[in-house]
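Fold and contact review
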Amino acid sequence: QVQLVESGGGLVQAGGSLRLSCAASGRTFSSYALGWFRQAPGKEREFVARISWSGVSTDYADSVKGRFTISRDKAENTVYLQMNSLKLEDTAVYYCAATTRWSATPNAYGYWGQGTQVTVSS
């Protein structure tokens, strides 16, 4: 079993930056990749970024490409999401998740964190 705990969310003005962290514990060796998803009120949960646990592969949603960067520190079992040039539409609850296969689909991820709120103001 894998436990995931997100942190780093908060209130930030448009154009600003935040760095989210996802600390993993438990049987992390059973996971192939970690992903970040977000969900705004009244909207479906959407893919944001993913990274293989090895760090070799990364992928981003078109809406965040060039602004967000996913990275990992394998020794610390931590995945990060650096968010720059934040926009109002980035406001959402952000979730960290783990999967045993390379996928950007939420239902492919078996383990989820509790989520952290990111609010971007004008």
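Each remark here, short or long, concerns the structure printed above.
Looking at where G15 falls in the secondary structure, it is placed in the loop between β2 (10–13) and β3 (18–26). When the C-alpha atoms of G15 and G115 are compared, they prove to be 22 Å apart, with 100 residues separating the residues in sequence.

Glancing now at the nonpolar core. The nonpolar side chains of soluble globular proteins are, as a tendency, buried together. Core analysis: the biggest nonpolar cluster contains 34 residues, and W36, L81, M83 and Y94 have the highest contact counts within it. Residue assignment for this core shows that the elements contributing at least two residues are β1 (2–7), β3, β4 (33–39), β5 (46–52), β7 (68–73), β8 (78–83), β9 (92–99) and β11 (116–121). Of the residues forming this core, the biggest block, five residues, is contributed by β9. The residues touching L81, leaving out its near neighbours within four places in the chain, are L18, R19, L20, W36, V48, A49, F68, T69, I70 and Y94.

With that settled, consider the packing of aromatic side chains. Tallying each qualifying case throughout the model produces six aromatic pairs. By way of ring pairs, the aromatic residues F37, F47, Y95, Y109 and W112 are connected into one cluster. Lying over the aromatic face of W112, R45 brings its terminal NZ or CZ to 4.8 Å of the ring centre. The ring of W102 carries R50 above its face, with NZ or CZ at 4.1 Å from the centroid.

Now for the side chain of T99. Considering the arrangement of structural elements, one finds T99 in strand β9. A distance of 3.1 Å separates a polar atom in the side chain of T99 from the backbone oxygen of R101. At 2.9 Å, the side chain of T99 and the backbone oxygen of A108 are in polar contact. The residues touching T99, leaving out its near neighbours within four places in the chain, are S31, Y32, A33, A108 and Y109.

Here is what the cut-offs are and how they apply
- Residues numbered from 1 in each chain as written.
- Predicted model: local features only at pLDDT ≥ 70, side-chain atom pairs only at ≥ 80, totals over all residues.
- Heavy atoms only, no water.
- Helix = DSSP H or I, 4+ residues; strand = E, 2+ residues; numbered from the N terminus.
- Core = buried A, V, L, I, M, F, W, Y, C linked by side-chain atoms within 4.5 Å.
- Buried < 20%, exposed > 50% of the residue type's maximum accessible area, 1.4 Å probe, protein only.
- Contact = heavy atoms within 4.5 Å.
- Phe/Tyr/Trp six-rings, centres within 6.5 Å; stacked < 30°, edge-to-face > 60°.
- Lys NZ or Arg CZ within 6 Å of the ring centre and 35° of its normal.
- Polar contact = N/O pair within 3.5 Å; in protein donor to acceptor, adjacent residues only side chain to side chain.

Taken by themselves, the reported measurements are silent on function.
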